[in-house]
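Here is how the chains run, residue by residue.
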Amino acid sequence: MVNMLDKRSPAIKYLSWGRVQVEGAVSPYKDAKLFPGGSREWDWNETDTRHVPGVQPADVQELLERDARVIVLSTGMWNRLRVAAETTRLLEEKGIEYVILQTKEAVDR
């Protein structure tokens with residue numbers, strides 16, 4: 001039997017603009033993806049993400065593949081990063097709970 005505590009996402013230990021220190025990560029990230037059991041640097045160039053239209057469905061696909069049940073999407077420190085309508089539509093179609101919050105609020109969540 002899998003202990004559900006083993007499947008939680010790591011905590012964010014420190015946050016400032018352009019620097020995210022995540023529990024268990026050796027080095028800080030500029031931007032991060034956290035998922036059950038781990039984290040990694042989030043490189044916007046992987047999916048051609050920009051502030052507008054924002055977080056793409058491909059950006060959350062990895063989280064879905066890693067069995068995320070609740071997804072917290074951040075709009076950045078200055079609320080400039082949007083979330084594409086296609087992304088929220090995908091999450092709704094899959095029945096995944098999500099919230100969209102400013103970065104500091106997302107970390108608190």
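Every value quoted in this text rests on a predicted model; they were computed, and no experiment measured them.

Digging into the side chain of Thr 103
Along the polypeptide, Thr 103 turns up in helix 3 (residues 103-108). The class for Thr 103 is buried, based on a relative accessible area of 11%. Residues contacting Thr 103, with those up to four places away along its chain left out, are Leu 15, Ser 74, Thr 75, Gly 76 and Met 77.

What to know about the packing of helix 1 (residues 57-65) against helix 2 (residues 85-93)
Geometry of a packed helix pair, given as the angle between the helix axes and the separation of the axes. Between helix 1 and helix 2, whose axes approach to 9 Å, the crossing angle comes to 30°. Accordingly, the angle class assigned to the pair helix 1 and helix 2 is roughly parallel. Counted together, Pro 57, Val 60, Gln 61 and Leu 64 of helix 1 and Glu 86, Thr 87, Leu 90 and Leu 91 of helix 2 form the full contact between these two elements. Considering only residue class, the contact of helix 1 with helix 2 consists of five nonpolar, two polar and one charged.

With respect to the pattern of salt bridges
A complete count under the given rule lists eight salt bridges for this structure. The network of salt bridges with common partners includes Lys 33, Arg 40, Glu 46, Glu 62 and Arg 66.

A word on the confidence of the model for the chain
When the pLDDT values of the chain are averaged, the result is 93; 94% of them are 70 or greater. In this model residues 1-5 is a low-confidence stretch, pLDDT under 50, and it forms two contacts with partners more than four residues away in sequence or in other chains.

Let's talk about the nonpolar core
Within the largest apolar cluster, 15 residues are counted, with the highest numbers of intra-cluster contacts made by Val 55, Val 60, Leu 64, Ile 71, Leu 73 and Leu 91. Of the residues forming this core, the biggest block, three residues, is contributed by helix 1. If near-sequence neighbours (up to four positions away) are discounted, Val 55 is found in contact with Trp 42, Thr 49, Val 60, Leu 73, Leu 81, Arg 82, Val 83, Ala 84 and Thr 87.

Some details on the pairing of strand 3 (residues 32-35)
Residues Lys 33 and Phe 35 line the buried face of strand 3, whereas the alternating positions Ala 32 and Leu 34 sit on a face that is not buried. Pairing analysis gives four bridges linking strand 3 to strand 4 (residues 38-41), with the strands arranged antiparallel. The residue of strand 4 that forms the bridge with Ala 32 is Glu 41. Where strand 3 hands over to strand 4, the hairpin turn is made up of two residues, of which Gly 37 adopts a positive phi near 90°.

Structural notes on helix 1
Along helix 1, the residues classified as buried are Asp 59, Val 60, Glu 62, Leu 63 and Leu 64. Among the structural elements, strand 3, strand 4, strand 5 (70-74) and helix 2 are those in contact with the buried residues of helix 1. A positive backbone phi angle near 65° is found at Asp 67, which sits one or two residues after helix 1.

Some details on helix 2
Buried within helix 2 we find Thr 87, Thr 88, Leu 90 and Leu 91. Viewed end-on, helix 2 has its buried residues packed into an arc of 155°, placing them on one side of the element. The elements touched by buried residues of helix 2 are helix 1, strand 5 and strand 6 (97-101).

What counts as what
Residues numbered from 1 in each chain as written. Predicted model: local features only at pLDDT ≥ 70, side-chain atom pairs only at ≥ 80, totals over all residues. Heavy atoms only, no water. Helix = DSSP H or I, 4+ residues; strand = E, 2+ residues; numbered from the N terminus. Buried < 20%, exposed > 50% of the residue type's maximum accessible area, 1.4 Å probe, protein only. Contact = heavy atoms within 4.5 Å. Axes fitted to C-alpha atoms, helices over the stretch in contact; angles between N-to-C directions. Parallel < 35°, antiparallel > 145°, perpendicular 65-115°, else oblique. Nonpolar A, V, L, I, M, F, W, Y, C, P; charged D, E, K, R; others polar. Salt bridge = Lys/Arg side-chain N within 4 Å of Asp/Glu carboxyl O. pLDDT = per-residue confidence, 0-100. Core = buried A, V, L, I, M, F, W, Y, C linked by side-chain atoms within 4.5 Å. Pairing = 2+ DSSP bridges. Arc of directions from axis to C-beta.

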